[in-house]
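The primary structure of each chain is shown beneath.
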Protein chains: 2
Amino acid sequence: MPDLPELSVAELTHVLEDFTRMHIRLPAERRLSFTTLSVLHTLAGGGPKRLTDLAAGEQVTQSAITQMVTKLEREGLVERRPDPSDGRAVLVRVTAAGAAIVEGRRNERTARLADLAARLAPGERAAIAAALPALARMVELHRTGEGVAGADPPSTAGGHDDEP
Amino acid sequence: MPDLPELSVAELTHVLEDFTRMHIRLPAERRLSFTTLSVLHTLAGGGPKRLTDLAAGEQVTQSAITQMVTKLEREGLVERRPDPSDGRAVLVRVTAAGAAIVEGRRNERTARLADLAARLAPGERAAIAAALPALARMVELHRTGEGVAGADPPSTAGGHDDEP
DNA sequence: TCACTTAATTAAGTTTCTGATATGTTCTCC
DNA sequence: GGAGAACATATCAGAAACTTAATTAAGTGA
């Protein structure tokens, strides 16, 4: 069999960091904060969630989530409803308007990537296509192997998230 | 010739979004804001830059960059020095301490990805390795084809960035 | 030389966080 | 079945990181 090239994880890290930066600075039509968009994304993709779960996922305090959901509710992007199985909890779900925002942003990203992909050689596109399942599996492994090293506490008081 | 699989840009978008979210919520040892880390990253990778250039790259106002650089300078992570070719401008460069932070975070990411990659099948790793050059070229195309649709104005007063 | 532009700073105000605390709900264990 | 621990959310004060607007200083050009 042919000697397959070994994967350079350092290069992979670099490339993914670059994509992260590309994705992050996507212009926002509405003035929604980073964490707000992340929460909408989470809700749109994974169904209703409690405030506590959202806080854990975003690595932000529960207080911040409460305040953010309150604001999003005023804007009609999410709904609060009692959790039938737990009287203490509240389930937050995205509204149609909220889902539309997430979808809109995804469409922008897809359009941008499609534009770039169109300028690649057919063989390059095929190579990326062939790698997609493996990349998706890495994400999946990450999700399932969560919380091993302990969830990290919220960062940067004043309300910002970290990146590159 | 064999019918190569067509690239699904939608799937690619999805996978990259997931990696973005993985990367972003990496725990920060030091309490540095999102934009701060992004600026350090930019400086560490591309050499000294003027405040204006940093502001354009981060899609944040010049004022915000001035304030951030002032803070970073107090902490010894960057240095300000006059631009020899333009008396109005200031060149910001990262210090060794600042570069160490960027490198440390990259190492954490690499370690995390290496852990995930180790759990893939050899064929999966090879598929990703084969796609890396094409992915890197997409990033390159993005960088060179910048500013086509006009740079977007800063968003989210109160100071937050946008993501998913 | 005088207006215009560009680069950086400063000041005031806004938004989104953290931290601490309060309130109501569920679980546990005697 | 009741007390107390644990949990889920809400509220409030203060801090951090932004924005806008105004200021200073340096290049550009007719």
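Please refer to the structure placed before this passage.
Here the structure is a predicted model, which is why all the values come from computation and not from measurement. (Residues numbered from 1 in each chain as written. Chains lettered and ligands numbered in written order. Predicted model: local features only at pLDDT ≥ 70, side-chain atom pairs only at ≥ 80, totals over all residues. Heavy atoms only, no water.)

S.K.: Where do I start with the overall build of chain A in this structure?
M.R.: Along the backbone of chain A there are six helices and three strands. Ordered by position from N to C terminus, the α and β elements of chain A give α-α-β-α-α-β-β-α-α. Buried positions account for 48% of the 164 residues belonging to chain A. Accessible surface, chain A: about 7900 Å² in total, of which carbon and sulfur atoms supply 56%. (Helix = DSSP H or I, 4+ residues; strand = E, 2+ residues; numbered from the N terminus. Buried < 20%, exposed > 50% of the residue type's maximum accessible area, 1.4 Å probe, protein only. Areas by Shrake-Rupley, 256 points an atom, 1.4 Å probe, with all protein chains shown as cover.)

S.K.: Any chance you could explain the pattern of salt bridges here in plain terms?
M.R.: Side chains that differ in charge, positive against negative, can pair when their charged atoms come close. Scanning the entire structure with this criterion turns up 24 salt bridges over all chains. The salt bridge involving aspartate 86 of chain A is made with arginine 88 of chain A; its shortest N-O contact spans 3.0 Å. Residue aspartate 86 of chain A is classed as buried on the basis of its relative accessible area, which comes to 13%. Taking the shortest distance from any N to any O, the salt bridge between glutamate 17 of chain B and arginine 106 of chain A comes out at 2.6 Å. Taken as a pair, glutamate 17 of chain B in helix H1 (residues 9-24) and arginine 106 of chain A in helix H5 (residues 96-118) lie in two separate chains rather than in one. Judged by relative accessible area, which is 3%, glutamate 17 of chain B ranks as buried. (Salt bridge = Lys/Arg side-chain N within 4 Å of Asp/Glu carboxyl O.)

S.K.: Any chance you could explain the packing of helix H1 (residues 9-24) of chain A against helix H2 (residues 34-46) of chain B here in plain terms?
M.R.: Packed helices, taken two at a time, are described by the angle between their axes plus the distance between the axes. Interaxial distance between H1 of chain A and H2 of chain B falls to 13 Å at its minimum, and their mutual angle equals 130°. Compared by their axis directions, H1 of chain A and H2 of chain B come out oblique. By crossing handedness, the relation of H1 of chain A to H2 of chain B is classed as left-handed. Of the residues in H2 of chain B, those touching H1 of chain A at Glu17, Arg21 and Ile24 of chain A are Phe34, Ser38, His41 and Thr42 of chain B. By residue class, the composition of the contact of H1 of chain A with H2 of chain B is two nonpolar, three polar and two charged. (Axes fitted to C-alpha atoms, helices over the stretch in contact; angles between N-to-C directions. Parallel < 35°, antiparallel > 145°, perpendicular 65-115°, else oblique. Left-handed = near helix turned anticlockwise from the far one by under 90°. Contact = heavy atoms within 4.5 Å. Nonpolar A, V, L, I, M, F, W, Y, C, P; charged D, E, K, R; others polar.)

S.K.: Even after reading the chapter, I still don't get the sheet that holds strand E1 (residues 49-50) of chain A, so can you show me in this structure?
M.R.: Hydrogen bonding along the main chain pairs the strands of a sheet, whether they run parallel or antiparallel. Residues and elements named next belong to chain A. Strand order in the open sheet formed by three strands is E1-E3-E2, with antiparallel pairing between adjacent strands. Taken across any chain shown, the strands that pair with only one partner, and hence form the sheet edges, are E1 and strand E2 (78-83). In this structure, E2 lies alongside strand E3 (residues 86-94), joined through six bridges in antiparallel fashion. When the bridges of E3 are listed, proline 82 appears paired with valine 90. Helix H4 (residues 62-74) rests against E2 and E3 of the sheet, and its axis sits at about 120° to E2. (Pairing = 2+ DSSP bridges.)

S.K.: Which parts of the structure should I look at to understand the sheet that holds strand E1 (residues 49-50) of chain B?
M.R.: All names here are of chain B. Judged by pairing direction, the sheet is antiparallel, and its three strands sit side by side in the order E1-E3-E2 without closing on themselves. One side of each edge strand has no neighbouring strand; the edge strands of this open sheet are E1 and strand E2 (78-83). Where E1 meets strand E3 (residues 86-94), two bridges bridge the pair, whose relative direction is antiparallel. Pairing of lysine 49 across the sheet is with valine 92, part of E3.

S.K.: How should helix H6 (residues 122-144) of chain B be read in this particular structure?
M.R.: Because each turn of an α-helix spans 3.6 residues, side chains separated by three or four positions end up pointing in the same direction. Under the 1.5 Å per step criterion, the end-to-end length of H6 of chain B is 34 Å for 23 residues, consistent within 8% with the ideal 33 Å. Of all the bends in H6 of chain B, the greatest, near 40°, is centred on leucine 132 of chain B, and the proline proline 133 of chain B appears no more than four residues after it. (Expected span 1.5 Å × (residues − 1). Bend = angle between axes of the 7 residues up to and from the residue.)

S.K.: It is not clear to me how the environment of proline 82 of chain B should be interpreted in this structure. Could you clarify?
M.R.: All names here are of chain B. One can find proline 82 in strand E2. On the accessibility criterion, proline 82 (67% relative accessible area) is exposed. Sequence separation of proline 82 and valine 92 is 10 residues, and the distance between their C-alpha atoms is 8.7 Å. The residues contacting proline 82, other than those within four sequence positions of it, are Ala89 and Leu91.

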